[in-house]
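Each chain, written out:
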Amino acid sequence: MILLDGKETAASLEVAIKQRIARLQECGVTPGLAVVLVGENPASQAYVSNKDRTCQRLGIYSRKLELPVTTTERELLAIVEQLNLDPQIHGILVQSPLPAHIHERTINLAIDPSKDVDGFHPTNLAKLAMDDPSGFVPCTPLGCQYLLKAYHIPTRGAHVVVVGRSLIVGKPMALLLLQKGLGGDATVTIAHSQTRDLAAITRSAHIVIAALGRPHALGREHIGEGAVVIDVGINRIADTSSARGYRLVGDVDFENVKEKCSAITPVPGGVGPMTIVMLMQNTLTACERLAR
Ligand code: GUN
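Residues numbered from 1 in each chain as written. Predicted model: local features only at pLDDT ≥ 70, side-chain atom pairs only at ≥ 80, totals over all residues. Heavy atoms only, no water.

Trainee: Before we move on, can you summarise the pairing of strand β3 (residues 61–67) with the specific residues and values?
Mentor: Summarising the sheet, strand β2 (residues 32–38) and β3 pair through 7 bridges and their orientation is parallel. Paired with Val38 across the bridge in β3 is Leu67. With helix α2 (residues 42–58) bridging β2 and its parallel neighbour β3, the resulting β-α-β unit is right-handed. (Pairing = 2+ DSSP bridges. Helix = DSSP H or I, 4+ residues; strand = E, 2+ residues; numbered from the N terminus. Right-handed = clockwise from strand over helix to strand, strands pointing away.)

Trainee: Provide a residue-level description of the nonpolar core, including the pertinent values.
Mentor: The biggest cluster of nonpolar side chains holds 48 residues, and the ones touching the most others in it are Ile17, Leu33, Ile207, Ile209, Val228, Ile230 and Met280. Ranked by the residues each element gives to this core, the list is headed by helix α10 (residues 271–291), at 10 residues. Residues Leu76, Leu83, Ile102 and Ile111 belong to the second largest nonpolar core, which totals 17 residues. (Core = buried A, V, L, I, M, F, W, Y, C linked by side-chain atoms within 4.5 Å. Buried < 20%, exposed > 50% of the residue type's maximum accessible area, 1.4 Å probe, protein only.)

Trainee: Account for the state of the cysteines, with residues named and values stated.
Mentor: Inspection of the entire model under this criterion finds 0 disulfides. Not part of a disulfide, Cys55 finds its nearest cysteine sulfur in Cys139, a span of 11 Å. A residue is classified by how much of its surface remains accessible, and Cys55, at 0% relative accessible area, is buried. Free of any disulfide, Cys139 has its nearest neighbouring cysteine sulfur in Cys144, separated by 11 Å. (Disulfide = S-S within 2.5 Å.)

Trainee: How would you summarise the site of the ligand if you had to cite specific residues and measurements?
Mentor: If you check the shell around the ligand, you find Leu93, Val94, Gln95, Ser96, Asp118 and Phe120 and nothing else. Ser96 has a polar backbone atom sitting 2.9 Å from a nitrogen atom of the ligand. In the complex, 83% of the free accessible area of the ligand, which totals 280 Å², lies under the protein chains. Of the residues belonging to the shell around the ligand, the class tally is 3 nonpolar, 2 polar and 1 charged. (Near = heavy atom within 4 Å. Polar contact = N/O pair within 3.5 Å; in protein donor to acceptor, adjacent residues only side chain to side chain. Areas by Shrake-Rupley, 256 points an atom, 1.4 Å probe, with all protein chains shown as cover. Nonpolar A, V, L, I, M, F, W, Y, C, P; charged D, E, K, R; others polar.)

Trainee: Summarise the pattern of salt bridges; cite the residues concerned and give the values.
Mentor: Applying the stated criterion across every chain, the model contains 5 salt bridges. The salt bridge involving Glu14 is made with Arg57; its shortest N-O contact spans 2.6 Å. Here Arg57 lies in helix α2 and Glu14 lies in helix α1 (residues 6–26), a separation of 43 residues in the sequence. For Glu14, a relative accessible area of 12% puts it in the buried group. (Salt bridge = Lys/Arg side-chain N within 4 Å of Asp/Glu carboxyl O.)

Trainee: Account for unusual backbone geometry, with residues named and values stated.
Mentor: Following Ser96, the chain continues into Pro97 via a peptide bond in cis, with omega recorded as -5°. Each neighbour pair has its own omega, and for Val267 with Pro268 the value is -5°, a cis peptide bond. Summarising the element assignment, Pro268 is placed in the loop between β11 (263–264) and α10. Positive phi outside glycine occurs at Asp131, with the angle close to 60°. Tracing the backbone shows Asp131 in the loop between α5 (122–129) and α6 (139–150). Even without a glycine there, the phi angle at His152 is positive, about 55°. Note on placement: His152 falls in the loop between α6 and β5 (159–163). Take His152: its relative accessible area is 69%, and that puts it in the exposed class.

Structure, rendered in C-alpha cells:
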C-alpha cells in the first residue's frame, strides 16, 4: 500500500509558489488573502489559523477577520463589499459553516468572482461545469486531483465514486474528474446519504473519494481490492489519551482498509495540507490576474 503524502506533496508545491510570489514582489506586488470567520467554531478557528500561518510562510499578505457570532448578514455583506474594493486583497474566503442566521448562498453571491478563491460563486461553479479555465476551482477537489496526478494515478476511464454531494467537495470534485485531459476523463458516480447499497457501489470503484463528513463511515466492505482511497474527512473524535482531548480521523477507517487498498491518504497529512496549498495557489492566480 502506498501512502499518498499530502504534507510532502504540498511542501514541494510551496517551493514553486514561493518563487512565483518572489517574482511578483520584484514588481512591487504582494498577493493578499482575507479570511473571514464568524463565531467560535473550534475546527474553523484551527483551519483559519492554519491558513494564516501558511500565508505568512509563503509571503502572502494575510488579513484575518474574526467576527462575533452575533454579526448580522448585512454587516457581513458590508465587510465583503469593502474587501471586494480593497486593492491589497486579491482573495476572499468566508469560512464555512456560517451561523444559521446568515445565508451562505447570499454571501457567496456577494464575493467578487475575480476574488472568489474558494470557487463557490455561481459564476465560478458554472465555469467549472463549462470547462472554462478562467474561473476558480474549489480548493479541496483541486487538492485531491493534484495528489492523484502527483502520484501518477490515472483517472482516464477509471470508475471514480465520490461519496458526498456537497458544494464544497462532492459536486465540484465530480465536475473536475469529468473534464477532458490529465486528472479527468473519469467515469464518475456520486453517492450520498440516500444511496442504496453504498458498499456495492463503492466496491466497484477504482478510486473512492470519501467526503461524507462522518468519522470512519467507510470500512473494509466499502473498498475493492487494490482500489485507491482519497479521504477528505477531518473529524474530531474524543480521545482521553490525547492532551487535546480529541484526535483527528477521516471518513474512512484507515486501519481497516489499509491492507486492501493500493494507495490511501492519511488523516491528518493527506487532503488537508493539499486544500491549503491550493488556496495559496488560487490566491496567487487571483493576484496575477488582477495585477495584470
Ligand atoms: N469549511 C470547510 N472547508 C472549507 C473551504 O474550503 N472553504 C471555506 N470557505 N469554508 C470551508
